[in-house]
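# Coordinate inspection notes
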Amino acid sequence: VDIIKRLSAKEPARTSGGFSVRTYRDNSNDVAEVCAHLKEGHVIALPTETVYGLAGDASKPETCQQIFKIKGRPLIDPLIVHIADLSQIELLAEWNPLAQRLADHFWPGALTLILKKKPRVPDIVTAGLNTVAIRMPAHPLMQKVLRTSGLCLAAPSANPFGYVSPTSAQHVIDSLGDRIIGVLDGGECQIGIESTIIDVSDGQTLRLLRPGGITRERIEQATGVTVVQPLPSQCKAQNEPITAPGMLARHYSPHTPLSLFAYRNTPTFNAESTEQAVLWFQRPSNAQRIPTVEHFWLTEDGNLAEAAHNIFNLLRRLDQGAFSHVFVEKAPDAGLGLAINDRLRRAAERANPS
Ligand code: TXA
Ligand code: MG
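Another point: the overall build of the protein chain. Secondary structure summary: the protein chain contains 11 helices and 15 strands in total. Among the 354 residues that make up the protein chain, the fraction classed as buried is 55%. Within the protein chain, counting contacts between residues at least 6 apart in sequence, those at least 24 apart form 67% of the total. With the model as given, the accessible surface of the protein chain reaches about 15300 Å², and the carbon-plus-sulfur share is 51%.

Taken together, 25 residues form the shell around ligand 1, and within it Thr50, Arg73, Asp77, His82 and Ser195 come nearest. Within the contact set of ligand 1, an oxygen atom lies 2.5 Å away from a side-chain nitrogen or oxygen of Asp77. Contributing elements (two or more residues each) for the shell around ligand 1: β4 (80-82), β6 (131-135) and β10 (206-210). When residues in the shell around ligand 1 are grouped by element, the largest group, 4 residues, is from β6. The class makeup of the residues in the shell around ligand 1 is 13 nonpolar, 7 polar and 5 charged.

As a further point, take the pattern of salt bridges. Following the criterion strictly, the structure yields 14 salt bridges and no others. Note that Arg22 is salt-bridged to Glu33, the shortest N-O span being 2.8 Å. Note that Arg22 is positioned in strand β1 (residues 22-24) and Glu33 in helix α2 (residues 28-39), a separation of 11 residues in sequence. Accessibility expressed as a relative area gives 35% for Arg22, which makes it partly exposed. With relative accessibility at 32%, the residue Glu33 sits in the partly exposed group.

On to unusual backbone geometry, then. Trp107 connects to Pro108 through a cis peptide bond whose omega is -5 degrees. Topologically, Pro108 is positioned in the loop between α5 (97-106) and β5 (111-116). With a phi close to 55 degrees, Ala127 is a non-glycine residue in the positive phi region. Relative to the elements of secondary structure, Ala127 occurs in the loop between α6 (123-126) and β6. You can call Ala127 partly exposed: its relative accessible area is 27%. Positive phi, normally seen in glycine, also occurs at Arg264, with a value near 65 degrees. With respect to the helices and strands, Arg264 occurs in the loop between β12 (258-261) and β13 (276-282). In this structure Arg264 comes out as exposed when scored by relative accessible area, which is 62%.

It is worth spelling out the sheet that holds β12 at this point. Judged by pairing direction, the sheet is parallel, and its 4 strands sit side by side in the order β12-β15-β13-β14 without closing on themselves. Both outer strands of the open sheet, β12 and β14 (294-299), are each paired with one neighbouring strand and no more. Each neighbouring strand pair of the sheet contributes to a mean axis angle of 20 degrees, computed without reference to strand direction. Where β13 lies against strand β15 (residues 325-329), 4 bridges are found, and the strand directions are parallel. Note that in β15 the partner of Val278 across the bridge is Phe327. The strands touched by helix α10 (residues 304-319) are β12, β13, β14 and β15; relative to β14, the strand with the most contacts, the crossing angle is about 145 degrees. The strands that helix α11 (residues 336-348) touches are β12, β14 and β15; relative to β12, the one it contacts most, it runs at about 140 degrees.

Taken as a whole, α5 has its buried residues at Leu98, Ala99, Leu102, Ala103 and Phe106. Down the axis, α5 shows its buried residues gathered within 140 degrees of arc, on one side only. The exposed set on the far side of α5, more than 90 degrees from its buried face, consists of Pro97 and Asp104. Residues of α5 that are buried make contact with β5, β9 (196-199), β10 and α9 (216-223). One side-chain oxygen at the N-terminal end of α5 lies 3.2 Å from the backbone nitrogen of Leu98; it belongs to Asn96.

Cut-offs used in this document
- Residues numbered from 1 in each chain as written.
- Chains lettered and ligands numbered in written order.
- Predicted model: local features only at pLDDT ≥ 70, side-chain atom pairs only at ≥ 80, totals over all residues.
- Heavy atoms only, no water.
- Helix = DSSP H or I, 4+ residues; strand = E, 2+ residues; numbered from the N terminus.
- Buried < 20%, exposed > 50% of the residue type's maximum accessible area, 1.4 Å probe, protein only.
- Contact = heavy atoms within 4.5 Å.
- Areas by Shrake-Rupley, 256 points an atom, 1.4 Å probe, with all protein chains shown as cover.
- Near = heavy atom within 4 Å.
- Polar contact = N/O pair within 3.5 Å; in protein donor to acceptor, adjacent residues only side chain to side chain.
- Nonpolar A, V, L, I, M, F, W, Y, C, P; charged D, E, K, R; others polar.
- Salt bridge = Lys/Arg side-chain N within 4 Å of Asp/Glu carboxyl O.
- Pairing = 2+ DSSP bridges.
- Axes fitted to C-alpha atoms, helices over the stretch in contact; angles between N-to-C directions.
- Arc of directions from axis to C-beta.

Structure follows, in structure tokens:
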């Protein structure tokens with residue numbers, strides 16, 4: 001299978017439903033129009049360097065409600081607020097020196113900070129928590145929209161709740177095209193995996209709530225503070241109340257059943273089935289490429305950033321391949337591999353069959 005050909009194939013947009021989605025581009029007219037829509041309280045999908053976000057004015061509760069509705073997301077799962085400038089923090093959260101150190105190193109970029117919230121942040125944004133998630137994204141087009149509109153934008157990933165996150169405008173159109181009025185096309189997301197979420201709300205400890213585009217190692221190096229990871233017991237099943245938000249076991253899930261196998265191992269295929277595929281971490285050798293199954297891979301030569309960049313695109317492609325089962329090799333468990341394996345584990349988790 002020619003992976004490049006598969007990656008560049010385009011499907012037609014879905015046109016059913018009430019909306020026909022308009023694609024906006026990187027020019028001043030389109031950016032002005034997108035900003036006008038956002039200021040009126042509309043929801044538009046916007047590019048970031050991690051994944052596309054489903055964005056709306058964070059100060060408007062009705063707009064935020066609309067975001068939850070479009071995504072089909074439960075109201076107990078809070079949103080990230082995106083800013084262009086540190087001066088906006090003052091309105092939103094209690095800042096502290098450790099947060100400042102993280103911002104100095106990693107903003108703009110793929111790091112979300114959990115901070116104590118200020119009262120003017122609507123409760124719907126934070127799902128009633130006393131903390132708020134804040135990120136300053138690096139994507140130039142997202143920054144242009146944030147600066148031109150002057151808004152703080154609440155934005156979860158622009159996918160239906162529980163499905164694979166979008167890393168291109170086409171992904172957004174494929175799964176939300178009949179539910180939104182517009183998507184701003186900023187090309188393929190460079191990082192391709194969501195931001196790392198760190199709770200720094202007490203100003204002393206760094207709690208990793210979600211591994212992501214910025215590795216734990218880099219955060220420890222920049223701050224000299226050890227990053228603590230919450231216990232797996234805090235990862236709740238989908239229908240239980242969330243005590244540690246962002247920790248739903250099943251997430252990012254394609255419809256095709258996936259099973260994971262260890263890095264550099266070989267899966268056990270079902271001899272009866274002819275519709276199996278393997279998603280290798282790295283391009284498989286000829287010996288590994290047994291002919292009765294289809295082969296895909298995240299990276300040519302084991303580069304973790306390349307693997308992160310490709311993962312969501314490949315999970316979506318695999319879903320279109322009508323495979324009965326896909327075997328997925330885990331990434332090495334270090335650096336960005338932790339975020340990749342986190343997404344793979346959640347993608348493979350099936351909803352409780354009872
Ligand atoms: O890279 C990203 O972070 C992307 C882009 C669009 O910025 N956004 C993103 O948003 O991934 P979302 O909503 O799909 O995931 C954000 C996670 C959620 O799982 C939510 O539970 C968690 O952040 N979160 C938000 N506010 C929180 C809070 N106050 N405390 C703990 N977790 C929070
Ligand atoms: Mg998401």
